[in-house]
Amino acid sequence: MSVVAVCVFSCVLLLCGATITEDAQPVRLFTDEDLATYNGEKTDQPIYMAVKGAVFDVSAGKEFYGKGAPYNALAGKDSTRGVAKMSLDPADLTYDTTGLTDEELKSLDDIFENVYKMKYPIVGYMARRILNEDGSPNPNFKPDDQPHFSIRDEF
């Protein structure tokens, strides 16, 4: 990640009330290309996937998300639509939620809160969630807390 991206990311987090300590590493800012390298194909790398723009380390679920596993198609992508629709169709393995039904959106929120946030640590965020299209900070970005740590513990 570039120095500019780190600075922008830090500014956005500070606007959201997060604190950054010198000891801790900040969570990462991911592009689609960055995330794709963590798709479970390399045994010496963690397995990441994103839901609603939050990037989770799903390595603890390697039997589900690892190479050849039933949900490996979700790994290395922002699979928000696929999670909402409970679909592994390649067309659904995207962040785009356009056209989802109210029931699918409710399912997405439930799975995000009660599965991913409860079970897997957030290791970063997709750039599109934190930055506007022009690269400026998104003032509406709010980092997610998790039951086992608050956003302040991440920094």
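Residues numbered from 1 in each chain as written. Predicted model: local features only at pLDDT ≥ 70, side-chain atom pairs only at ≥ 80, totals over all residues. Heavy atoms only, no water.

## Examining the overall build of the protein chain
Phase 1 of the analysis: When helices and strands are counted, the protein chain shows six helices and four strands.
Phase 2 of the analysis: For the protein chain, the succession of helices and strands along the chain, N to C, is α-β-α-β-β-α-α-α-β-α.
Phase 3 of the analysis: Burial analysis of the protein chain (155 residues in total) assigns 44% to the buried set.
Phase 4 of the analysis: Partitioning the intrachain contacts of the protein chain with sequence separation of at least 6 by distance along the chain shows that 61% fall at a separation of at least 24.
Phase 5 of the analysis: For the protein chain, the exposed surface amounts to about 8,500 Å²; the carbon and sulfur share of it is 53%. (Helix = DSSP H or I, 4+ residues; strand = E, 2+ residues; numbered from the N terminus. Buried < 20%, exposed > 50% of the residue type's maximum accessible area, 1.4 Å probe, protein only. Contact = heavy atoms within 4.5 Å. Areas by Shrake-Rupley, 256 points an atom, 1.4 Å probe, with all protein chains shown as cover.)

## Thoughts on helix H5 (residues 102–119)
Phase 1 of the analysis: With 18 residues, H5 extends 25 Å between its outermost C-alpha atoms, agreeing within 8% with the 26 Å of an ideal straight helix rising 1.5 Å per residue.
Phase 2 of the analysis: The largest bend along H5 reaches roughly 35° and is located at Phe 112.
Phase 3 of the analysis: Listed in full, the buried residues belonging to H5 are Ser 107, Leu 108, Ile 111, Phe 112, Tyr 116 and Lys 117.
Phase 4 of the analysis: Structurally, H5 contributes buried residues whose contacts are with strand E2 (48–51), strand E3 (54–57), helix H3 (62–65) and helix H4 (80–85). (Expected span 1.5 Å × (residues − 1). Bend = angle between axes of the 7 residues up to and from the residue.)

## A look at the packing of aromatic side chains
Phase 1 of the analysis: Counting across every chain of the model gives nine aromatic pairs.
Phase 2 of the analysis: Centre to centre, the rings of Phe 30 and Tyr 38 are 6.3 Å apart; their planes meet at 85°, and the pair counts as edge-to-face. Of the two residues, Phe 30 and Tyr 38, neither departs from the other in class, the shared state being buried.
Phase 3 of the analysis: Residues Tyr 65 and Tyr 71 carry aromatic rings whose centres are separated by 6.3 Å and whose planes lie at 40° to one another, so their mutual orientation is tilted.
Phase 4 of the analysis: Classification of Tyr 65 by relative accessible area gives buried; the value is 6%.
Phase 5 of the analysis: Accessibility expressed as a relative area gives 39% for Tyr 71, which makes it partly exposed.
Phase 6 of the analysis: What links up through ring pairs into an aromatic cluster is the set Phe 56, Tyr 65, Tyr 71, Phe 112, Tyr 116 and Tyr 120. (Phe/Tyr/Trp six-rings, centres within 6.5 Å; stacked < 30°, edge-to-face > 60°.)

## Here we look at the environment of Glu 103
Phase 1 of the analysis: With respect to the helices and strands, the residue Glu 103 is situated in helix H5.
Phase 2 of the analysis: Spatially, the C-alpha atoms of Glu 103 and Lys 85 are 9.3 Å apart, while their sequence positions differ by 18 residues.

## Concerning a nonpolar patch on the surface
Phase 1 of the analysis: Nonpolar side chains collect at one region of the surface, where Phe 64, Tyr 71 and Leu 88 lie side by side and expose about 260 Å² of accessible area between them.
Phase 2 of the analysis: Residue placement: Phe 64 occurs in helix H3. (Patch = residues over 30% accessible without salt bridge, like charges linked within 9 Å, V, L, I, M, F, W, Y side chains within 5 Å. Salt bridge = Lys/Arg side-chain N within 4 Å of Asp/Glu carboxyl O.)

## Comments concerning the confidence of the model for the protein chain
Phase 1 of the analysis: When pLDDT is averaged along the protein chain, the result is 82, and 75% of the positions lie at 70 or above.
Phase 2 of the analysis: Throughout residues 1–25 the model reports pLDDT below 50, and contacts reaching past four residues in sequence, or to other chains, amount to 34 contacts. (pLDDT = per-residue confidence, 0-100.)

## Looking at the sheet that holds E3
Phase 1 of the analysis: If you walk across this open sheet you meet the four strands as E1-E4-E3-E2, and the pairing is mixed. Here the strands that pair on one side only, and so sit at the sheet edges, are strand E1 (28–30) and E2. Strand-to-strand twist across the sheet, computed as the mean angle between neighbouring axes with direction ignored, equals 35°.
Phase 2 of the analysis: Bridge analysis of E3 against strand E4 (residues 122–126) gives three bridges, and the strand direction is antiparallel. Each residue of the ladder has a partner; that of Val 55, found in E4, is Gly 124. (Pairing = 2+ DSSP bridges. Axes fitted to C-alpha atoms, helices over the stretch in contact; angles between N-to-C directions.)

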